[in-house]
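Residue-level structure breakdown
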Amino acid sequence: METTVIIGASHGGVQVAASLREMNYSGRIILAAEEPHLPYHRPPLSKALLDPAQPDGLMLRPSAFYEQKDITLRLGKRVDAIDLDKHVVRFGSEEAIGFDHLVLATGARARIPRIEGINLRNVLTLRTLPDAKSLAASLTNAQDVVVLGAGMIGLEFAAVAARTGRRTTVIDATSRPLLRGLSPEMAQHLQQMHEANGVRFIFDDGIAAIEGNEAVTAVMTKSGQRIKADLVLVAVGVVPNVELAVAAGIEADNGIVVDTHLQTSHEGIYAIGDCAAFPANGGNRLRIESVQNATDHARTVAASIVGKRQPFNKVPWFWSDQYDAKLQIAGLWNGYDQAILRPSSNDGSFAYYLFANDKLLCVEAINAPGDHVAARKILSDGLDLRPEHLADPSFDPKLFMR
Ligand code: FAD
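Residues numbered from 1 in each chain as written. Predicted model: local features only at pLDDT ≥ 70, side-chain atom pairs only at ≥ 80, totals over all residues. Heavy atoms only, no water.

So, the overall build of the chain
Rules: Strands here are runs of E lasting at least two residues and helices are runs of H or I lasting at least four, both read from the DSSP assignment and numbered beginning at the N terminus. Here the radius of gyration uses the C-alpha set of atoms, whereas the globule reference equals 2.2 Å times the residue count to the power 0.38. Type-normalised accessible area, obtained with a 1.4 Å probe on protein chains alone, sets the label of each residue: buried when under 20%, exposed when over 50%, and partly exposed for intermediate values. Contacts are residue-level and defined by heavy atoms, with any inter-residue pair within 4.5 Å sufficient. Using a 1.4 Å probe, the Shrake-Rupley method yields the accessible areas, and only the shown protein chains count as cover for residues. For the purpose of charge, His is not counted, nor are the chain termini; Lys and Arg are scored as positive and Asp and Glu as negative. The location of each charge is read from NZ of Lys, CZ of Arg, CG of Asp or CD of Glu.
Helix and strand counts for the chain come out as 10 helices and 26 strands. Its C-alpha atoms give the chain a radius of gyration of 22 Å, within 12% of the compact-globule value 21 Å for 402 residues. The principal-axis extent of the C-alpha atoms belonging to the chain is close to 60 × 60 × 35 Å. Across the 402 residues that make up the chain, the buried fraction comes to 54%. Considering only contacts within the chain whose residues lie at least 6 apart along the sequence, 60% involve residues at least 24 apart. When the accessible surface of the chain is split by element, carbon and sulfur atoms take 48% of a total near 18300 Å². Charge centroids of the chain, computed over 40 positive and 46 negative side chains, lie 2 Å from each other.

So, the packing of aromatic side chains
Both the distance between ring centres and the angle between the ring planes are used here to describe each pair of aromatic rings. What counts is decided by this rule: The criterion for an aromatic pair is that two Phe, Tyr or Trp rings (for Trp, the six-membered ring) have centres within 6.5 Å, with stacked assigned to planes under 30 degrees apart, edge-to-face to planes over 60 apart and tilted to the rest. Charge-over-ring contacts are defined here by two conditions on Lys NZ or Arg CZ: a distance within 6 Å of the ring centre and an angle within 35 degrees of the ring normal.
This structure, assessed with the given rule, holds seven aromatic pairs. Ring centres of F278 and F312 lie 5.4 Å apart, and the angle between their planes is 90°; on these two criteria the pair is classed as edge-to-face. Taken together, the residues F278 in strand β20 (residues 276–280) and F312 in the loop between α7 (291–305) and β22 (317–322) connect sequence positions 34 residues apart. Exposure remark for F312: the relative accessible area of 11% places this residue in the buried category. Where W317 meets W319, the ring centres are 6.4 Å apart and the plane angle is 40°; that geometry is what we call tilted. Three or more aromatic residues joined by ring pairs form one cluster here, namely W317, F318 and W319. The ring of W317 has R376 lying over it, and the distance from NZ or CZ to the ring centre is 3.9 Å.

Some details on the environment of V5
Positionally, V5 belongs in strand β1 (residues 3–7). For V5, a relative accessible area of 0% corresponds to the buried category. Residues V5 and T72, spaced 67 residues apart in sequence, show a C-alpha to C-alpha distance of 9.6 Å. Once you skip the residues sitting within four places of it in the chain, V5 turns out to touch I30, V89, I97, G98, F99, H101, L102 and V103.

A few points about the environment of L45
For L45, the location among the structural elements is in the loop between β2 (28–33) and α2 (63–68). The sequence separation of L45 and L399 amounts to 354 residues, and the corresponding C-alpha distance is 36 Å. Residues within four places of L45 in sequence aside, it is in contact with Y40, L50, L58, L126, R127, T128, L129 and A132.

Structural notes on the site of the ligand
Convention followed: Neighbouring residues are identified by heavy atoms, a residue being near a molecule or strand if any of them is within 4 Å of it. For the purposes of these results, a polar contact is taken to be a pair of N or O atoms within 3.5 Å, where, inside protein, one atom must be able to donate a hydrogen and its partner to accept one; residues adjacent in sequence count only when each atom of the pair is a side-chain atom. Asp, Glu, Lys and Arg are counted as charged, while Ala, Val, Leu, Ile, Met, Phe, Trp, Tyr, Cys and Pro are counted as nonpolar; the rest, among them Gly, fall into the polar class.
Taken together, 32 residues sit near the ligand, with S10, E35, R42, K47 and R127 positioned nearest. Contact between the ligand and K47: an oxygen atom at 2.6 Å from a side-chain N or O atom of the residue. Within the contact set of the ligand, an oxygen atom lies 3.4 Å away from a backbone nitrogen or oxygen of A108. Those elements giving two or more residues to the shell around the ligand turn out to be α1 (11–22), α7 and β22. Of the residues belonging to the shell around the ligand, the class tally is 14 nonpolar, nine polar and nine charged.

So, the sheet that holds strand β15 (residues 226–228)
Filter applied, for reference: In this scheme, strands are said to pair when DSSP sees at least two bridges between them. Angles here are taken between N-to-C directions and fall from 0 to 180 degrees, while the axes themselves are lines fitted to C-alpha atoms, restricted in helices to the stretch in contact.
A sheet is described by the order of its strands in space; here three strands give the open sequence β13-β14-β15, paired in antiparallel fashion. Pairing within the sheet leaves two strands with one partner each, and these edge strands are β13 (207–213) and β15. Between one strand and the next, the sheet's axes are offset by a mean angle of 25°, whatever the strand orientation. Pairing geometry for strand β14 (residues 215–221) and β15, over three bridges, is antiparallel. Looking at β15, one finds that V219 is bridged to I227.

Some words on the pairing of β14
With six of its seven residues buried, β14 lies for the most part within the structure. Adjacent in sequence and paired antiparallel, β13 and β14 are bridged by one residue, among which E214 carries a positive phi angle near 70°. Counted along the chain from β14 to the antiparallel partner β15, the turn is four residues long, and its residue G224 has a positive phi close to 100°.

Here we look at unusual backbone geometry
Glycine aside, the phi torsion of most residues is negative, and most peptide linkages are trans. Notably, N122 is not glycine yet its phi reads approximately 70°, a positive angle. With respect to the helices and strands, N122 occurs in the loop between β8 (108–110) and β9 (123–124).

Focus: the pairing of strand β26 (residues 359–366)
With six of eight residues buried, β26 lies mostly within the body of the structure. Here five bridges tie strand β23 (residues 325–331) to β26, and the two strands are oriented antiparallel to one another. Looking across to β26, one finds that I329 is bridged to E364. Summarising the sheet, strand β25 (residues 350–356) and β26 pair through seven bridges and their orientation is antiparallel. Paired with A356 across the strands is K359, a residue of β26. A loop of two residues connects β25 with β26, the two strands running antiparallel in sequence, and N357 in this loop sits at a positive phi of about 50°.

Here we look at the environment of P184
Relative to the elements of secondary structure, P184 occurs in helix α5 (residues 184–196). For P184, a relative accessible area of 33% puts it in the partly exposed group. Placed 25 residues apart in sequence, P184 and A209 show a C-alpha to C-alpha distance of 29 Å. When residues no more than four places from it in sequence are discounted, the contact partners of P184 are R176, W333 and Y336.

Remarks on α7
We apply this condition: Here the expected span of a helix is defined as 1.5 Å times the quantity of residues minus one.
For α7, spanning 15 residues, the distance from its first C-alpha to its last is 21 Å, which sits close to the expected 21 Å at 1.5 Å a residue. Most of α7 is tucked away, with 14 of its 15 residues classed as buried. G307 lies just past α7 and shows a positive phi near 90°.

A short note on helix α8 (residues 369–381)
Over its 13 residues, α8 extends 18 Å from the first C-alpha to the last, a length consistent with the 18 Å expected when each residue adds 1.5 Å. Those residues of α8 hidden inside the fold are in contact with β22, β23, β24 (338–343), β25, β26 and α10 (397–401). Of the residues trailing α8, G382 is marked for its positive phi of about 65°.

In structure tokens form, the structure reads like this:
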């Protein structure tokens, strides 16, 4: 019987398995999961999971799903090697499974910078369920929280820490929050929102050392500022998990290199989600770290496996929750030359529409789901929304979609 092996059972890997069955794939599906727990949603790890009042509804699918769909989920099983000649994956030296199709959904891990004191107690990273549980436990006793990195995860955690009364400092080596992920206009808004909640930012400064005796007590910046800390979250980005692929001879370059069909340098072997560097934006290779990217990649690869090959061309979108703000982004902001602010109503919701040469590139919205949903449709259907449409105060993006 034909066999598809999927390495990595998170947002991407589980969606490949689910989509294959939805597309009536009748072969064997083996889903190899290094982590020992049922596959779970990662986004709540920096949001609801840190709030004990929130329910623990984390699982991507109930355990019965895998049985009902005849998906062999191998929990706690790390694939240690891929043999491309024999078309097998190996679990240790004992066990090998042959495959006809192979999907690498190995994701990414937290980047750990080489800094003196990085191994002190209460210096933590956040990627997995155990990471989140350790962080939540450390937060209980913390008063002075330092976050290294003003990216999405760092800011979400800073919001939780500040809101629950901790003195919170965010330090970043660049000049503003979310340098990679957000336009300067929206980043400034987020920064002000954090500052209004008591968060202190230090930009353009690196970390010289983390100080302490067993547990952390302070962070020393390169410019010589010592900041008291009894909890440090290191949130300075991720490293894609490419080593398994590279050892097998599959090409990687800041991610496993794939073509427009998400196929690697080897026929029948695909890479998706956080680990995949795919052509987007007129050919530039890109790695996108978002649930939507992983699940949309997964659907494209499942279609290829069942013989309905199609190029990947989905509009990227992302969300983040900080305080009472739901940030939603559709498209990619880089390269814009005009930002138009559209206040939705009197409730504080708004959206920035970002254009390049009068062509819509991206919409960043706060508590404005109507703008976000419309933006996704406008971008994916290539509708001709122009800056002059937004100049009309009665402009309604929902009506424009029709
Ligand atoms: P991953 O989720 O990284 O999963 C890869 C899996 O593969 C892991 O379980 C890993 O253990 C396993 N694996 C690796 N190597 C092997 C091997 N050799 N054998 C077996 N298994 C292996 N995205 C959003 O869109 N919105 C958000 O609000 C958001 N918030 C986030 C908050 C946090 C705290 C984090 C950490 C991420 C957040 N993200 C968010 C990003 C999102 O979770 C990722 O983009 C998504 O998880 C990527 O899915 P993936 O399947 O590609 O990889």
